[in-house]
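Residues per chain are reported as follows:
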Amino acid sequence: MLRVITAEAAYTTEELADILGLPISTIRKYNFHFSKIGVQFTKNQGRLAYTNDDVTIFHELKKIYANSEITLEKAVITVAKRFNLVSDTPPNISTKKQTLISEPFEAQMKEIQSYIDAKFEERERQLISMAREIRALKKAQQQKKSFYKWLKTFFEK
């Protein structure tokens, strides 16, 4: 089936699936992987509306994924980079700014770690104390039993 595609065209997921000859679930899966790397397609009245450029992007993804031995995630990233949908480099944040951002978190992490260590030591002391008490109770119980055995020997004769 041959379609004439106009510049203002907006296709639904079902129409895109028909154009590419893929199941609707596959289009949704591709869209999910694009969204994982930050690529969002336009929505019209709450539904995805794919443009002609989007059709080209999905066609390229279909071609790359079908003809290579790479995973779908890598194919999506390759297509996204090829069409400049994502940048190759992370956003430019100065090292000094990163340090300023991370310092409060590091201090908070140290504070949390010291709290955890203190609670752990307190719990360990409690466990040792309870183990000693249990051992003492068992010893007292053994002594009590041996006393009754000794006493019983006098009355049996």
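Please refer to the structure placed before this passage.
Being a predicted model, the structure only gives us computed values, none of them experimental.

(A) Here's a closer look at the nonpolar core. Formed by 22 residues in total, the largest nonpolar core has its most connected members in Leu16, Ile27, Phe34, Tyr50, Phe58 and Leu61. Of all the secondary structure elements, the ones that give two or more residues to this core are helix 1 (13-20), helix 2 (24-36), helix 3 (52-67) and helix 4 (72-82). Apart from residues lying up to four places away in sequence, Leu61 is in contact with Tyr30, Phe34, Leu72, Ala75, Val76 and Val79.

(B) Up close: a nonpolar patch on the surface. A cluster of nonpolar side chains, contributed by Phe147, Tyr148, Trp150, Phe154 and Phe155, occupies part of the molecular surface with about 660 Å² of accessible area. As for its placement among the helices and strands, Phe147 is situated in helix 5 (residues 95-156). A relative accessible area of 44% means that Phe147 is categorised as partly exposed.

(C) Examining helix 4 more closely. Residues of helix 4 that are buried include every one of Leu72, Ala75, Val76, Val79 and Ala80, and no others. When helix 4 is viewed along its axis, its buried side chains cluster within an angular range of 135° and face the same direction. Looking at the buried side of helix 4, the elements it contacts are helix 2 and helix 3. Immediately beyond the C-terminal end of helix 4, within one or two residues, lies Asn84, with a positive phi of roughly 55°.

The rules we used
Residues numbered from 1 in each chain as written. Predicted model: local features only at pLDDT ≥ 70, side-chain atom pairs only at ≥ 80, totals over all residues. Heavy atoms only, no water. Core = buried A, V, L, I, M, F, W, Y, C linked by side-chain atoms within 4.5 Å. Buried < 20%, exposed > 50% of the residue type's maximum accessible area, 1.4 Å probe, protein only. Helix = DSSP H or I, 4+ residues; strand = E, 2+ residues; numbered from the N terminus. Contact = heavy atoms within 4.5 Å. Patch = residues over 30% accessible without salt bridge, like charges linked within 9 Å, V, L, I, M, F, W, Y side chains within 5 Å. Areas by Shrake-Rupley, 256 points an atom, 1.4 Å probe, with all protein chains shown as cover. Salt bridge = Lys/Arg side-chain N within 4 Å of Asp/Glu carboxyl O. Arc of directions from axis to C-beta.

On their own, these measurements won't tell you what the molecule is for.
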